Amino acid sequence: MLLGGNKTTRKIDNFAINNLKIPSIVLMENAAISFVKHIDENEDNFLIICGKGNNGGDGYAIARQLFSKGKNVKIFCISNENMSNDCMINYEICKNMGIEIFYKIEELDKLFFECNVVIEGIFGTGLNSEIKGIYQEIIQKINTASNNKKVYSIDIPSGINGDTGEIMGISVKADITISFVTYKKGFLNSKIKDFLGKIIIENIGLNETSINHLLKEYYLTPDMIKSFRIKRNEDSHKGDFGKVLIFAGSSGFYGAGNIVAKSCVRTGAGLTTVITDKNNFSLNVFVPEAMSFPINFDNINENLEKLENEILNSDVIAIGPGIGKSEQAFLIFEKLISIKKNNKGNTIKLILDADALNLLSENRKLFEKIRNRSILTPHLVEFSRLTGFSTDEINKNRFEITKNFAKKYEIILLLKGKNTIITNGEELFANSTGNSHMANGGMGDCLTGIICSLVGQKYDLMKSAGIGAYLHGKIADELVKKQYIVNASHIIENISECILNIFQN
Ligand SMILES: NC(=O)C1=CN([C@@H]2O[C@H](COP(=O)(O)OP(=O)(O)OC[C@H]3O[C@@H](n4cnc5c(N)ncnc54)[C@H](OP(=O)(O)O)[C@@H]3O)[C@@H](O)[C@H]2O)[C@H](O)CC1
Ligand SMILES: [K+]
């Protein structure tokens, strides 16, 4: 699903009008028809509150549509001065059709009392400053009425900034928001969840393929994830699904390596090998399918030569969870990223997480070695270390900072958090799955294991990160329907079933 904001709405509008030659009034009509589809047939009494821009125009067009279905419709017109052209056209039609239109704020309370459903088209993507005066008063009244009326917002609850989700002074609290063409970036702001209600994204007669060159940002949906699927050949063998090398876990943190390995195996990698302390025997017990490459941490140099063969033999290397920041960990990390091509002549892909990111932050010249072949999966604090931006600055400007960073270092960045962001600097995915019940130790390790497995199975880096993040969150979303806390082990046991559901449903 396309992800957009205020500017992109104008860009899409302009393209549809100027290039596709769809008159703007037709787009508005399509928006109104799509909107009305979601209104309960049994509802009868509607109050439609309209501003003077195209959001209000949508409101008048929706009023016409409902009126023509025989519904009882009343309109509250906030202003009929300086209306946009299309708003004016629909306002005039409503007047000509004899729909009752009210103008005085004193009449509003009675209008609320008489209706069952409020539809508000005060501001959409054109909101450009703090809301004051009469607009503030009207929104307050809508929110008071919303206790016992169903409130629908057209495109965006009036008062929410479509780009940032910021509340511009005051906002309508919608029960249902029916938005057009794009999932608005502002909806990703977790602080306004209660203002959005149920979100529905509707078409206005534009096929996604005819406009998707205009924007390269997406909100991940099940359909998108399904479309990424690479079918398995009947005659394939384990070599086709990737040789994955994992450097994760160290004394005290063996669990991290075990979780990465088990997630990787369960996601379907062909062969999984874990570089681990020679004294770690837990791997074989926890993940019997994985192989180990034992390391003597007391004499690291003796291992590095043998390790070279292992590197040359791999398709993808995941590095980081639980490795610590010791000198030995650094030497192994440096070795693992020092070879770019494997024995088959293919680029060895890298997934860098946790301490690998911290080591990278402190040794920035290593960025040169990871270009064009890596996914970095920081959480907010790790990303702050990598970029030098404060966590507040990142939160306020996630899209721009992540894109710039990915572009600068030519890597895929996956910034974990609510609506995890994945970007290569051009294209961007915002994840739609996941919940707070999965916020506990080992989750990130599990995600690393899923992603390196997908890369091994020849999914490209963006798609591996996208599928991985979606799958990881989706499993947790399903599990919280029947349990309160979701741990990495729960995710691991459900990976395969969830992949099946996503790819085959
Ligand atoms: N491609 C699509 O998705 C389509 C969407 N449509 C709908 O159009 C709106 C956007 O319409 P637009 O006219 O650009 O903007 P709005 O209607 O949201 O608002 C503009 C008017 O609001 C005034 N304004 C803005 N901020 C304030 C404020 N704080 N206080 C008071 N008034 C404000 C603004 O006045 P100015 O004087 O500042 O110009 C405008 O009068 C989109 O959201 C969809 O609903 C199309 O129907 C089809 C295509
Ligand atoms: K609105």
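Here is what the cut-offs are and how they apply
- Residues numbered from 1 in each chain as written.
- Chains lettered and ligands numbered in written order.
- Predicted model: local features only at pLDDT ≥ 70, side-chain atom pairs only at ≥ 80, totals over all residues.
- Heavy atoms only, no water.
- UniProt positions renumbered as here; feature names shortened; annotations may be inferred.
- Helix = DSSP H or I, 4+ residues; strand = E, 2+ residues; numbered from the N terminus.
- Polar contact = N/O pair within 3.5 Å; in protein donor to acceptor, adjacent residues only side chain to side chain.
- Near = heavy atom within 4 Å.
- Nonpolar A, V, L, I, M, F, W, Y, C, P; charged D, E, K, R; others polar.
- Donors = N, O, S within 2.8 Å, 3.2 Å for Na, K, Ca; no water.
- Buried < 20%, exposed > 50% of the residue type's maximum accessible area, 1.4 Å probe, protein only.
- Salt bridge = Lys/Arg side-chain N within 4 Å of Asp/Glu carboxyl O.
- Pairing = 2+ DSSP bridges.
- Axes fitted to C-alpha atoms, helices over the stretch in contact; angles between N-to-C directions.
- Contact = heavy atoms within 4.5 Å.
- Expected span 1.5 Å × (residues − 1).
- Bend = angle between axes of the 7 residues up to and from the residue.
- Parallel < 35°, antiparallel > 145°, perpendicular 65-115°, else oblique.
- Left-handed = near helix turned anticlockwise from the far one by under 90°.

- Labelled according to an unreviewed UniProt entry, the chain appears under the name Bifunctional NAD(P)H-hydrate repair enzyme, originating from Leptotrichia hongkongensis.
- Taken from UniProt, the Subunit (unreviewed entry) comment for the chain reads in full: "Homotetramer."

**As for the side chain of Asp155**
And step 1. With respect to the helices, strands and loops of the structure, Asp155 is situated in the loop between strand E6 (150-154) and strand E7 (176-180).
And step 2. Only 3.3 Å separates the side chain of Asp155 from the side chain of Lys184, close enough to count as a polar contact.

**So, the site of ligand 1**
And step 1. Every one of the 21 residues lining ligand 1 counts as a neighbour, but Asp13, Asp58, Gly124, Asn128 and Asp155 are closest to it.
And step 2. Asp13 has a polar side-chain atom sitting 2.7 Å from a nitrogen atom of ligand 1.
And step 3. Gly124 is positioned with one of its backbone polar atoms (N or O) 2.6 Å from an oxygen atom of ligand 1.
And step 4. If you list the elements that add at least two residues to the shell around ligand 1, you get helix H1 (6-18) and helix H3 (54-68).
And step 5. For the shell around ligand 1, the element with the most residues is H3, which contributes 3 residues.
And step 6. A breakdown of the residues in the shell around ligand 1 according to their chemical character gives 7 nonpolar, 9 polar and 5 charged.

**Observations regarding the coordination of the potassium ion (ligand 2)**
Each donor-metal-donor angle would ideally measure 109.5 degrees in four-coordinate tetrahedral geometry, or 90 or 180 degrees in six-coordinate octahedral geometry.
And step 1. On the protein side, the potassium ion (ligand 2) has Asn55 (OD1), Phe123 (O), Ile154 (O), Ile156 (O) and Ser158 (OG) as donor atoms, found 2.6 to 3.0 Å from it.
And step 2. If you list the donors of the potassium ion (ligand 2) from N- to C-terminus, the spacing comes out as N-x67-F-x30-I-x1-I-x1-S.
And step 3. What makes Ile156 buried here is its relative accessible area of 0%.

**Examining the pattern of salt bridges**
And step 1. Per the counting criterion, the structure on display carries 20 salt bridges.
And step 2. The residue Lys74 makes a salt bridge to Glu114 at a minimum N-O spacing of 2.9 Å. With Lys74 in strand E3 (residues 72-77) and Glu114 in helix H5 (residues 108-114), this residue pair connects regions lying 40 residues apart in the sequence.
And step 3. According to the relative accessible area criterion, Lys74 is buried, its value standing at 19%.
And step 4. A salt bridge links Glu308 to Lys335, with the shortest nitrogen-to-oxygen separation between them at 2.8 Å. Taken together, the residues span a long stretch of sequence, with Glu308 in helix H12 (residues 301-312) and Lys335 in helix H13 (residues 327-336) at a distance of 27 residues.
And step 5. With relative accessibility at 32%, the residue Glu308 sits in the partly exposed group.
And step 6. Linked by salt bridges that have partners in common, Lys74, Lys110 and Glu114 make up one network.

**Overview of the pairing of strand E12 (residues 271-277)**
And step 1. The buried fraction of E12 is high, at 6 of 7 residues.
And step 2. Where strand E11 (residues 243-247) meets E12, 5 bridges bridge the pair, whose relative direction is parallel. Its bridge partner being in E12, Lys243 is matched across the sheet by Leu271.
And step 3. When E12 meets strand E13 (residues 291-295), the two strands line up parallel, connected through 5 bridges. Paired with Thr276 across the two strands is Pro294, which belongs to E13.

**Examining the sheet that holds strand E14 (residues 316-319)**
And step 1. As summarised here, the arrangement of the 10 strands in space is E10-E19-E18-E17-E16-E15-E14-E11-E12-E13, forming an open sheet in which the pairing is mixed. The sheet is open, and its two borders are formed by strand E10 (217-219) and E13, each paired with just one other strand. On average, adjacent strands in this sheet sit at an angle of 15 degrees to one another, irrespective of strand direction.
And step 2. As paired elements, strand E16 (residues 374-376) and strand E17 (residues 412-415) share 2 bridges and run parallel to each other. Bridge assignment links Leu376 to a residue of E17, and that residue is Leu413.
And step 3. Sheet strands touched by helix H18 (residues 398-409): E10, E16, E17, strand E18 (421-423) and strand E19 (428-430). Its angle to E18, the strand with the most contacts, is close to 35 degrees.

**Brief notes about the sheet that holds E3**
And step 1. A sheet is described by the order of its strands in space; here 7 strands give the open sequence E4-E3-E2-E5-E6-E7-E9, paired in parallel fashion. The outermost strands of the open sheet, each flanked by one partner alone, are strand E4 (100-102) and strand E9 (198-202). The mean angle between the axes of side-by-side strands here comes to 20 degrees, regardless of whether they run parallel or antiparallel.
And step 2. Note that strand E5 (residues 117-121) and E6 share 4 bridges and pair parallel. Considered in E6, the bridge of Val118 is made with Val151.
And step 3. Here H3 sits on the sheet and contacts strand E2 (45-50), E3, E5, E6 and E7; the angle it forms with E2, its principal contact strand, is near 160 degrees.

**So, helix H21 (residues 488-504)**
And step 1. The end-to-end C-alpha separation of H21 is 24 Å, in line with the 24 Å expected for 17 residues at 1.5 Å each.
And step 2. A bend of about 50 degrees at Ile495 is the largest found in H21.
And step 3. Those residues of H21 lying buried are Ala488, Ile491, Ile492, Ile495, Cys498, Ile499, Ile502 and Phe503.

**Details of the packing of helix H19 (residues 443-456) against helix H20 (residues 461-479)**
And step 1. Where H19 meets H20, the axes come as close as 9 Å, and the angle between the chain directions of the two elements is 140 degrees. The angle between H19 and H20 falls in the class oblique. Crossing angle aside, the handedness with which H19 passes H20 is right-handed. Residue-level inspection shows Met443, Cys446, Leu447, Ile450, Ile451, Leu454 and Val455 of H19 in contact with H20, the latter providing Leu461, Ser464, Ala465, Ile467, Gly468, Ala469, Leu471 and His472.
And step 2. Of the residues contributing to the contact of H19 with H20, the split by class is 12 nonpolar, 3 polar and no charged.

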